[in-house]
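# Fold and contact review
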Amino acid sequence: MTAKTLRLDQFIPYRLSFTAALLSDTIAQSYERLFGISIAEWRVIAWVAELGSVTQQQICARSRMDKVTVSRAAIALSGQGIVQRLPNAEDRRSHLLALTEEGRRLHGAIAPRALELESGIFSHFSAEEVEAFVAMLRRIDAIVLGEREEERG
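Residues numbered from 1 in each chain as written. Predicted model: local features only at pLDDT ≥ 70, side-chain atom pairs only at ≥ 80, totals over all residues. Heavy atoms only, no water.

### Some points on the sheet that holds strand 3 (residues 95–99)
- Spatial ordering of the open sheet is given by 1-3-2, a layout of 3 strands whose pairing is antiparallel. In this open sheet, the two edge strands, each paired with only one partner strand, are strand 1 (53–54) and strand 2 (83–87).
- Here 5 bridges tie strand 2 to strand 3, and the two strands are oriented antiparallel to one another. Counterpart to proline 87 in the pairing with strand 3 is histidine 95.
- Set on the sheet, helix 2 (residues 39–51) makes contact with strand 1 and strand 3; between it and strand 3 the angle comes to about 90°. (Pairing = 2+ DSSP bridges. Helix = DSSP H or I, 4+ residues; strand = E, 2+ residues; numbered from the N terminus. Contact = heavy atoms within 4.5 Å. Axes fitted to C-alpha atoms, helices over the stretch in contact; angles between N-to-C directions.)

### A look at the packing of aromatic side chains
- For the coordinates displayed, the defined rule picks out 4 aromatic pairs.
- Ring plane angle 35° and centroid distance 6.2 Å describe the contact between phenylalanine 122 and phenylalanine 133, whose orientation is recorded as tilted. Note that phenylalanine 122 is positioned in helix 5 (residues 101–122) and phenylalanine 133 in helix 6 (residues 127–152), a separation of 11 residues in sequence.
- On the accessibility criterion, phenylalanine 122 (26% relative accessible area) is partly exposed.
- Judged by relative accessible area, phenylalanine 133 falls into the partly exposed class, the value being 39%. (Phe/Tyr/Trp six-rings, centres within 6.5 Å; stacked < 30°, edge-to-face > 60°. Buried < 20%, exposed > 50% of the residue type's maximum accessible area, 1.4 Å probe, protein only.)

### Regarding the packing of helix 2 against helix 4 (residues 67–79)
- In contact at an axis separation of 9 Å, helix 2 and helix 4 are set at 80° when each is read in the N-to-C sense. Judged by the inter-axis angle, helix 2 sits roughly perpendicular to helix 4. Counted together, Ala40, Glu41, Val44 and Ile45 of helix 2 and Thr69, Val70, Ala73, Ala76 and Leu77 of helix 4 form the full contact between these two elements.
- When grouped by side-chain class, the residues that make up the contact of helix 2 with helix 4 number 7 nonpolar, 1 polar and 1 charged. (Parallel < 35°, antiparallel > 145°, perpendicular 65-115°, else oblique. Nonpolar A, V, L, I, M, F, W, Y, C, P; charged D, E, K, R; others polar.)

### With respect to the pattern of salt bridges
- Taken as a whole and judged by the stated rule, the model has 5 salt bridges.
- In this structure, arginine 105 engages glutamate 102 in a salt bridge whose closest nitrogen and oxygen atoms are separated by 2.6 Å. Here arginine 105 and its partner glutamate 102 are both found in helix 5, 3 residues apart, which amounts to about one turn of the helix.
- Accessibility expressed as a relative area gives 35% for glutamate 102, which makes it partly exposed. (Salt bridge = Lys/Arg side-chain N within 4 Å of Asp/Glu carboxyl O.)

### Quick look at a nonpolar patch on the surface
- A cluster of nonpolar side chains, Ile12, Leu16, Met136, Ile140, Ile143 and Val144, forms an exposed patch at the surface whose accessible area comes to about 520 Å².
- Of all the secondary structure elements, the ones that give two or more residues to the nonpolar patch are helix 1 (12–35) and helix 6.
- Per element, the largest residue contribution to the nonpolar patch is 4 residues, and it comes from helix 6.
- Tracing the backbone shows isoleucine 143 in helix 6. (Patch = residues over 30% accessible without salt bridge, like charges linked within 9 Å, V, L, I, M, F, W, Y side chains within 5 Å. Areas by Shrake-Rupley, 256 points an atom, 1.4 Å probe, with all protein chains shown as cover.)

### Here's the deal with unusual backbone geometry
- In this structure, arginine 64 is a non-glycine residue whose phi angle is positive, near 70°.
- With respect to the helices and strands, the residue arginine 64 is situated in the loop between helix 3 (56–63) and helix 4.
- We classify arginine 64 as exposed; its relative accessible area is 59%.

### A closer look at the nonpolar core
- One finds Tyr31, Trp42, Val44, Ile45 and Ile59 to be the most contacted residues of the largest nonpolar core, which totals 26 residues.
- Elements with a minimum of two residues in this core: helix 1, helix 2, helix 3, helix 4, strand 3 and helix 5.
- In this structure, tryptophan 42 is in contact with Tyr31, Ile37, His107, Ile110, Ala111 and Ala114, ignoring residues within four places of it in sequence. (Core = buried A, V, L, I, M, F, W, Y, C linked by side-chain atoms within 4.5 Å.)

### Some words on the environment of isoleucine 82
- Locating isoleucine 82 in the fold gives a position in the loop between helix 4 and strand 2.
- Setting aside its immediate chain neighbours within four residues, isoleucine 82 contacts Ile45, Leu77, Ala98, Leu99, Thr100, Glu102, Gly103 and Leu106.

Listed below in structure tokens is the structure:
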């Protein structure tokens, strides 16, 4: 049996990382140019908008961003009057982030642009291909997360 040779450009984890970075950089440049915010700040805004109010720890868990990145984004957004910090009745050691009126306005301006960017890329694929792709990504997430749980157990 012939041993398989590692070719980085054909190595699926590398391809996923490369493509994700390419997409993220493109989106980040657009958000910075149009709205003056970073991709980390956008992700914080988007999660807060989706969930209403959320802790930084919850954003870390949902976004896979590290604590320092989320903290810096939250501090910057708070300083710009886009998010506000509210008391967390469930855990007094943390606080909840919520959008201000300015934050809701900014989210309302960015969200359609985000959907346009997504549509511009994925309009080159059929609805079935996109659905299968998203399903495969979710399965990969579940497999990797399951393996991590087994390593800890």
